[in-house]
Amino acid sequence: MYNRYECVRGKRLVLTPYLPLHVPTYHKWMTDAALLATTCSEPLTLDEEYENQQSWLASTDKLTFILHVPMTVLSEMNVPSEGLTSLDLDGERLVMVGDCNVFVPLPHVVEDNGGVEVEVMLAETRFRRLGLAREAMQLLIVYATCRLGFRSFVAKILESNVDSRNLFVHGLGFRHFKNVPVFDEVHFVRYANDHDVETFAVTSGYSPSGLGELKLVLP
Ligand SMILES: CC(C)(COP(=O)(O)OP(=O)(O)OC[C@H]1O[C@@H](n2cnc3c(N)ncnc32)[C@H](O)[C@@H]1OP(=O)(O)O)[C@@H](O)C(=O)NCCC(=O)NCCS
């Protein structure tokens with residue numbers, strides 16, 4: 001995977017690859033019917049989720065980052081910390097809050113606008129409407145542009161997912177591209193020019209760094 005040893009920091013988020021220690025919490029998130037529906041996901045057993053995690057790590061046509069909020073940031077956000085999963089990255093305590101993904105279309109598939117697909121999920125609902133999904137997408141778009149060379153991005157959103165449509169259109173400047181009634185989807189696209197990337201990088205506080213896999217440990 002492109003991001004296997006990479007970590008991205010923003011103003012409030014830390015993005016890391018999806019590692020085995022994330023799986024129990026991720027699996028628990030994905031037993032929620034509303035999350036399964038909005039992300040068009042199928043429920044997996046815990047063993048299947050471990051396989052899924054390995055597949056994300058090994059894949060060359062998709063990548064995922066797990067979204068974390070550092071405890072120091074959490075204490076400034078006025079969000080309760082009870083019941084959240086925290087882990088340790090190089091001595092810093094982080095709380096898992098969601099994920100974001102990039103899917104690269106296969107060469108023979110003509111995709112919307114030639115773009116790569118992007119997705120985001122704030123699984124811990126107490127962190128919603130705080131601008132974290134927007135920060136995550138800005139970080140991901142800057143990463144995908146600077147590290148992977150992509151410029152065009154597509155968001156495929158269920159017709160009924162008003163929150164996500166608002167995020168991409170009003171929060172991130174995507175524009176309507178097409179409706180796909182057979183999947184109840186609407187596709188939105190965004191081209192990121194140099195000015196957009198610079199703006200996203202500054203707004204989100206983009207800062208890439210390496211990650212030694214063994215440095216990320218459970219308490
Ligand atoms: C959609 C989702 C990712 C939004 O996450 P979030 O962290 O709450 O979004 P943000 O706080 O970053 O919102 C940024 C902007 O998006 C828009 N927005 C997001 N949620 C909104 C809502 N419920 N109502 C209206 N506007 C909304 C607003 O313009 C918002 O800016 P503002 O708060 O300054 O008005 C989150 O609701 C989620 O994870 N839903 C379930 C999974 C999902 O649907 N993922 C998308 C699959 S395509």
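Just above, that's the structure.
Remember, predicted model here, so these are calculated numbers, not experimental data.

J.: Can you walk me through the environment of Gln54 in this structure?
T.: Secondary-structure assignment places Gln54 in helix 3 (residues 46-58). Here Gln54 falls in the partly exposed class, since 13 other C-beta atoms lie within 10 Å of it. Expressed as a C-alpha distance, the spacing of Gln54 and Leu19, which sit 35 residues apart in the sequence, is 8.0 Å.

J.: Can you walk me through the site of the ligand in this structure?
T.: The immediate surroundings of the ligand are formed by 22 residues, with Thr38, Arg128, Ala133, Asn166 and Gly171 found nearest. If you list the elements that add at least two residues to the shell around the ligand, you get helix 2 (33-38), strand 6 (116-122), helix 5 (132-146) and helix 6 (162-171). For the shell around the ligand, the class distribution of residues is nine nonpolar, eight polar and five charged.

J.: Help me out: how do you make sense of the nonpolar core in this one?
T.: The tendency in soluble globular proteins is for nonpolar side chains to be buried side by side. Formed by 52 residues in total, the largest nonpolar core has its most connected members in Val97, Ala136, Met137, Leu139, Leu140 and Ile141. The element that contributes the greatest number of residues to this core is helix 5, accounting for ten residues. With sequence-adjacent residues up to four places away left out, Ala136 is seen in contact with Leu13, Leu67, Cys100 and Val120.

J.: Teacher, can you tell me more about the environment of Thr85 here?
T.: Within the secondary structure layout, Thr85 lies in the loop between helix 4 (71-77) and strand 4 (86-89). Separated by 22 residues in sequence, Thr85 and Leu63 have C-alpha atoms that sit 22 Å apart. Look past the residues within four positions of Thr85 in its chain and what remains in contact with it is Thr25, Val95 and Met96.

J.: How should I be thinking about unusual backbone geometry in this particular structure?
T.: The phi angle of most residues is negative, glycine excepted, and most peptide bonds adopt the trans form. Even without a glycine there, the phi angle at Cys40 is positive, about 55 degrees. Turning to its location among the elements, Cys40 is positioned in the loop between helix 2 and helix 3. The phi dihedral of Asn78 falls on the positive side, at around 60 degrees, and the residue is not glycine. Following the sequence through the fold, Asn78 ends up in the loop between helix 4 and strand 4.

The rules behind the values
- Residues numbered from 1 in each chain as written.
- Predicted model: local features only at pLDDT ≥ 70, side-chain atom pairs only at ≥ 80, totals over all residues.
- Helix = DSSP H or I, 4+ residues; strand = E, 2+ residues; numbered from the N terminus.
- Buried ≥ 20, exposed ≤ 12 C-beta atoms within 10 Å, placed from the backbone.
- Near = placed C-beta within 6 Å.
- Nonpolar A, V, L, I, M, F, W, Y, C, P; charged D, E, K, R; others polar.
- Core = buried A, V, L, I, M, F, W, Y, C linked by C-beta atoms within 7 Å.
- Contact = placed C-beta atoms within 7 Å.

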